[in-house]
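# Close look at the chain arrangement
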Amino acid sequence: MSSCAPARSDHSSRDSRPSPASGIKRPHSPPPPPGGRRFRIAGADLSASITVFLIAVPMSLGLAVAMDAPLQAGLVSAAIGGIVAGLLGGTPLQVSGPSAGLTVVTAELIQVYGWRTTCAITVGAGLLQILLGSLRAARSALAVSPAIVHGTLAGIGVAIALAQLHIVLGGSPQSSVIDNALALPAQLERISPAAPLIGSLTIAVLVLWPRLPGRAGQMVRRVPAALAAVAIATAAAALATPGITRVDLPSWRSHALPEMPQGPVLALATAVFTVMLVASLESLLAAVAVDKMAADRTAGRSGGKPSGHEPVGRSDLDRELRGQGVANSLAGLLGGLPISGGAVRSSANVRAGATGRAATVLHGLWVLLAAALLVTVLEWIPLAALAALVMMVGIQMVSFAHIRNVHKHREFLVYGATITGVVLFGVLKGVALGVAVAVAVALHRLARTRITVTEQDGRHLVTVRGQLTFLAVPRLSRMLGQLPHGVDAIVELDGFFMDHAAFETIQDWRSAQLAQGGHVVFTGRSGSRVAEPAAAEHSCCRPWTPWRNHHCHDRSEHATATRAGFTAKDATGRGASKPWGVDDTGAGAAAGTDPRGSTAGGAPRPAGAHRLLNGLSSFQRNTAPLVREELARLAAEGQRPSQLFITCADSRLVTSMITSSGPGDLFTVRNVGNLVPPPDTETTESGDDSVAAAIEYAVDVLRVGSITVCGHSGCGAMQALLGAEARTPRTPLWRWLRHGLPSLERMASRHHSWARISGRLPTDAVEQLCLTNVVQQLDHLRAHESVARRLADGTLELHGMYFHVGEAQAYLLSEGASAGTGHDEVFDRVGPGVDLSTALDAGAPA
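An account of the accompanying structure is given in this report. (Residues numbered from 1 in each chain as written. Predicted model: local features only at pLDDT ≥ 70, side-chain atom pairs only at ≥ 80, totals over all residues. Heavy atoms only, no water.)

In terms of helices and strands, the protein carries 33 helices and 17 strands. Among the 846 residues that make up the protein, the fraction classed as buried is 48%. Long-range pairs, those at least 24 residues apart, make up 73% of the contacts in the protein between residues at least 6 apart in sequence. With an accessible surface of roughly 39,500 Å², the protein has 60% of that area assigned to carbon and sulfur atoms. (Helix = DSSP H or I, 4+ residues; strand = E, 2+ residues; numbered from the N terminus. Buried < 20%, exposed > 50% of the residue type's maximum accessible area, 1.4 Å probe, protein only. Contact = heavy atoms within 4.5 Å. Areas by Shrake-Rupley, 256 points an atom, 1.4 Å probe, with all protein chains shown as cover.)

Next comes the structure, spelled out in structure tokens:
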């Protein structure tokens with residue numbers, strides 16, 4: 001069946017529907033699509049907006065204190081970030097507001113240029129963000145190494161924590177991180193008890209609040225930890241230390257607006273660029289994180305099944321950048337702090353159940369109302385409580401998860417250099433230092449190539465680990481020159497890049513070896529392609545793994561020399577296109593065959609045997625070393641598969657590939673048509689007990705947890721059933737296919753709905769029978785005594801699956817139909833973000 005055949009939806013025209021004479025029922029119509037309104041306020045959005053508002057107010061005031069900015073500026077930015085960025089941004093669930101990542105930068109700008117010029121710089125940064133978003137440069141910002149980004153945020157977090165620690169101890173922060181660290185001993189000598197006690201209380205509540213046990217704790221935890229910490233600290237300060245320094249909100253009449261910036265043009269331009277860079281990176285990274293959190297929340301709620309929430313969709317990063325730019329420009333004009341998307345506020349919004357941008361906008365409206373009506377209440381908050389809150393935010397920016405991740409990817413040097421640069425020299429210079437170290441590390445890895453030469457069974461093995469560039473040519477040439485002339489050699493290339501200089505070095509050496517009677521084979525350690533300078537006629541092999549490549553290389557007698565894409569000259573000087581990666585000829589040579597399929601004695605060997613030997617030898621050389629340990633474990637412990645997989649014997653259906661399974665995962669039964677004969681036919685004279693035996697062994701002995709019946713498109717067995725006539729010869733094949741006659745009867749019956757595939761009608765009768773056959777074989781399975789017993793115990797699940805070969809797409813039968821309790825036989829598409837084994841184990845469609 002062609003994969004390009006047009007699919008018919010449930011609401012197709014009358015002419016496209018099956019005729020009544022066909023005996024096939026139409027599927028039920030799908031439910032009407034949800035309304036098309038762009039902006040809706042759901043109950044979940046309302047409650048989420050209140051939750052985020054309760055977090056945003058103390059956070060905004062605390063960041064304003066940390067930046068030594070007017071306190072109203074934090075509330076202005078929180079309101080604008082919620083309303084403007086919420087309406088215009090490209091991430092509906094992201095909540096924007098005063099930027100924790102810009103705390104150090106903004107504090108330095110205020111100290112150097114004053115507040116009003118800092119507002120003008122914020123306007124310039126916002127305009128630059130709008131320009132970059134219009135140029136669609138948002139994705140380019142994500143090209144920065146994560147080690148640099150996380151190192152920058154961690155360095156800023158260190159600076160924030162040290163500065164706020166002075167306020168928690170009752171003092172005032174210094175102008176730089178080094179000064180704050182050096183002044184800390186003196187601050188500890190003149191410590192006063194009031195501020196540290198309130199700060200410690202705030203930190204204790206922040207840490208312990210999410211960990212309150214029991215049902216009462218679960219109820220109490222609905223209040224955000226930040227709000228609870230500030231509220232408890234405020235109440236304690238009012239009772240125990242009434243004289244402690246508190247929030248002082250000046251009158252809105254004295255609120256300062258921006259002025260034309262004054263100062264060196266280059267310094268001002270650098271300040272604008274720095275604010276833009278940090279705010280943009282923080283917003284875009286938070287947007288990507290929000291997408292992941294929203295997807296995880298949807299998957300967790302639905303368990304793989306469609307949920308009642310309308311999908312939010314992926315972020316439009318360019319729109320998000322433009323929305324952030326408009327919000328920053330407006331915030332600067334109205335005397336607010338720089339704005340960016342915040343991970344703390346956004347994660348709270350997602351966890352609170354927000355479904356769209358309404359929650360973000362409403363939170364901004366609540367902040368605006370609080371700034372106008374709750375001034376007296378806000379002025380009761382102690383500064384030490386806000387400082388402790390912001391200090392904890394700074395500490396959390398130094399994420400141990402990020403440290404483990406960069407260490408795992410061998411980028412801790414870049415991470416550490418970026419943190420050091422940010423702490424010692426500032427954000428922009430720290431980022432530049434991190435980029436420089438990242439480039440140096442990349443160059444070092446590019447130049448680090450390990451080349452070894454060993455001898456195995458009379459053949460020389462040259463192993464190259466790393467990238468082959470001109471920097472490695474001297475060492476490569478020296479190692480190859482140590483090999484005797486005219487020897488048999490295997491060159492194992494384990495890398496992802498080879499430049500022209502290294503290519504010519506290997507080519508010249510190979511030509512010299514061939515001219516002196518040698519034999520050279522090029523392989524990859526795991527069969528992966530190292531470089532691709534192959535001729536155009538072999539380009540069809542490039543996207544495929546080695547199990548497919550030999551079909552492309554059978555087109556000429558010399559094309560089987562190697563596998564993957566190495567073009568070299570033969571001994572006569574003529575160009576011969578030789579693929580390279582996993583080598584068929586080398587495998588054959590190792591097994592005693594030459595490239596033309598002859599044995600060492602010269603007798604011709606059939607092409608099929610040659611291909612089989614090549615495959616076996618390739619497995620022994622490339623795959624066996626990787627799986628030997630796991631297979632040895634399975635040999636010692638025995639098999640414990642989790643699923644019985646019943647599928648067709650069709651050669652195009654590679655079960656291990658489409659299920660991403662390996663040794664010990666699936667107990668597989670393959671037969672023509674993926675048929676399960678009913679138990680009452682297994683004892684007849686022409687019966688076949690092999691399938692029933694496999695089912696009994698898998699269910700009663702191996703104790704599998706699920707059984708999957710998998711059909712596929714273009715099944716020859718189903719085509720034979722459709723074309724069968726009364727005079728069809730009763731051959732062994734037909735005696736087996738008669739177990740599929742109930743599927744044919746089910747398809748024509750008016751008592752069963754017509755099976756659907758991913759919301760559309762089957763393309764033709766063959767596809768309909770393939771789908772119906774899966775459902776029918778599940779009914780046959782339930783009739784087996786061992787299966788029925790385990791189903792009754794609730795320890796076994798049945799699943800139906802359909803694989804469209806032409807589309808390389810898997811479909812799972814709906815949970816009700818798989819269990820035999822549903823009337824709709826619907827096969828739902830498995831998306832690329834779904835773990836198939838998880839979906840099968842859950843018994844739910846993807």
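Past the structure itself, the notes keep going.
Our focus in this paragraph is the packing of helix α27 (residues 716-723) against helix α30 (residues 765-782). Contact geometry for α27 and α30: axes closest at 9 Å, N-to-C directions at 110°. What the angle tells us is that α27 and α30 run roughly perpendicular. α30 is crossed by α27, and the crossing has right-handed handedness. Residues M718, Q719, L721 and L722 of α27 form the contact with α30, whose participating residues are A765, V766, L769, C770 and N773. Split by residue class, the contact of α27 with α30 holds seven nonpolar, two polar and no charged. (Axes fitted to C-alpha atoms, helices over the stretch in contact; angles between N-to-C directions. Parallel < 35°, antiparallel > 145°, perpendicular 65-115°, else oblique. Left-handed = near helix turned anticlockwise from the far one by under 90°. Nonpolar A, V, L, I, M, F, W, Y, C, P; charged D, E, K, R; others polar.)

So, about helix α6 (residues 146-168). Its 23 residues place the ends of α6 32 Å apart at the C-alpha level, agreeing with the 33 Å of an ideal helix rising 1.5 Å per residue. Counting buried residues along α6, 19 of its 23 residues qualify, which places the element largely inside the surrounding structure. Positioned one or two residues after α6, G170 has a phi angle of 95°, which is positive. (Expected span 1.5 Å × (residues − 1).)

With that out of the way, let us pick up the packing of α6 against helix α18 (residues 412-425). With their axes 8 Å apart at the nearest point, α6 and α18 run at an angle of 40° to one another. In the crossing of α6 with α18, the sense of the turn from one axis to the other is right-handed. Residues A147, I148, H150, G151, T152, A154, G155, I156 and V158 of α6 touch α18, and the partners they reach there are V414, Y415, T418, I419, V422 and V423. The residue inventory of the contact of α6 with α18, partitioned by class, reads ten nonpolar, five polar and no charged.

A word on the pattern of salt bridges. Tallying each qualifying case throughout the model produces nine salt bridges. Across the salt bridge formed by R116 and E259, the nearest N and O atoms sit 4.0 Å from each other. Here E259 lies in the loop between α10 (225-240) and α11 (265-302) and R116 lies in helix α4 (residues 115-134), a separation of 143 residues in the sequence. Take E259: its relative accessible area is 30%, and that puts it in the partly exposed class. A salt bridge links R465 to E492, with the nearest nitrogen and oxygen atoms 2.8 Å apart. Taken together, the residues span a long stretch of sequence, with R465 in strand β5 (residues 459-465) and E492 in strand β6 (residues 488-494) at a distance of 27 residues. Classification of E492 as buried rests on a relative accessible area of 11%. (Salt bridge = Lys/Arg side-chain N within 4 Å of Asp/Glu carboxyl O.)

L61, I121 and V367 are the most contacted members of the largest nonpolar core, which totals 79 residues. No other element matches the eleven residues that helix α1 (residues 43-67) contributes to this core. Setting aside residues no more than four positions away along its own chain, I121 makes contact with L109, Y113, L268, A271, V272 and V275. I707, M747, Y802 and A817 belong to the second largest nonpolar core, which has 42 residues in total. (Core = buried A, V, L, I, M, F, W, Y, C linked by side-chain atoms within 4.5 Å.)

Here we take up the side chain of S346. Along the chain, S346 turns up in helix α13 (residues 343-351). S346 gets classed as buried once you look at its relative accessible area, which sits at 0%. When neighbours within four sequence positions are excluded, S346 is seen to be in contact with L93, Q94, V95 and V290.

Let us look at the pairing of strand β12 (residues 706-712). Within β12, seven of the seven residues are buried, leaving the element largely enclosed by the surrounding structure. Burial along β12 is two-sided: the face carrying S706, T708, C710 and H712 and the face carrying I707, V709 and G711 are both buried. In terms of strand pairing, β12 meets strand β15 (residues 797-804) through seven bridges, oriented parallel. Within β15, the residue paired with T708 across the bridge is H799. (Pairing = 2+ DSSP bridges.)

This part is about the environment of T117. With respect to the helices and strands, T117 occurs in helix α4. Placed 144 residues apart in sequence, T117 and P261 show a C-alpha to C-alpha distance of 4.9 Å. At 3.5 Å, the side chain of T117 forms a polar contact with the backbone oxygen of Y113. Engagement of the side chain of T117 in a polar contact is seen with the side chain of E259, the distance being 3.2 Å. (Polar contact = N/O pair within 3.5 Å; in protein donor to acceptor, adjacent residues only side chain to side chain.)

Judged by side-chain polarity, I178, L182, L424, F425 and L433 come together as a nonpolar surface patch covering roughly 470 Å² of accessible area. For the nonpolar patch, the secondary structure elements donating two or more residues are α7 (177-189) and α18. Position of L424 among the secondary structure elements: in helix α18. By relative accessible area, L424 is classed as partly exposed at 43%. (Patch = residues over 30% accessible without salt bridge, like charges linked within 9 Å, V, L, I, M, F, W, Y side chains within 5 Å.)

Turning our attention to the pairing of β6. Where burial is concerned, most of β6 is hidden: six out of the seven residues are buried. For β5 and β6, the ladder comprises six bridges, and the chain directions are parallel. Note on β6: the bridge partner recorded for R465 is D494. For the segment spanning β5, helix α20 (residues 473-481) and β6, crossover handedness is right-handed. Across six bridges, the pairing between β6 and strand β7 (residues 519-524) is parallel. Bridge assignment links V491 to a residue of β7, and that residue is F522. (Right-handed = clockwise from strand over helix to strand, strands pointing away.)

A few words now on the packing of aromatic side chains. As enumerated under the stated definition, the model contains four aromatic pairs in all. Look at F667 and Y697: their rings are 5.8 Å apart centre to centre, the planes differ by 40°, and that puts the pair in the tilted class. Of the two residues, F667 is situated in strand β11 (residues 666-671) and Y697 in helix α26 (residues 690-701); the sequence distance between them amounts to 30 residues. On the basis of relative accessible area, F667 is assigned to the buried category, the value being 17%. Ring pairing ties together the aromatic residues Y802, Y811 and F827, which thus form one cluster. (Phe/Tyr/Trp six-rings, centres within 6.5 Å; stacked < 30°, edge-to-face > 60°.)

What follows concerns a positive patch on the surface. On the surface, a cluster of positive charge is made up of R410, R445, R448 and R450. The topology assignment puts R448 in the loop between α19 (427-447) and β4 (450-456). (Lys, Arg positive; Asp, Glu negative; His and termini not counted. Charge placed at Lys NZ, Arg CZ, Asp CG, Glu CD.)

Compared with the 24 Å implied by 1.5 Å per residue over 17 residues, the 25 Å span of helix α14 (residues 357-373) between its first and last C-alpha is a close match. Every buried residue belonging to α14 is among R357, A358, A359, T360, V361, L362, H363, G364, V367, A370 and A371, and all of these are buried. Elements that come into contact with the buried residues of α14 comprise α1, α2 (71-88), β2 (96-98), α12 (317-333), α13 and α15 (375-378).

As a further point, take the environment of R782. Considering the arrangement of structural elements, one finds R782 in helix α30. It is 9.0 Å that separates the C-alpha atoms of R782 and P678, two residues lying 104 residues apart in sequence. At 2.4 Å, the side chain of R782 forms a polar contact with the side chain of D779.

Attention now moves to the side chain of S340. Its place among the elements puts S340 in strand β3 (residues 339-341). On the accessibility criterion, S340 (1% relative accessible area) is buried. Residues contacting S340, with those up to four places away along its chain left out, are V95, S96, G97, S99, A279, E282, S283, Q324 and R345.

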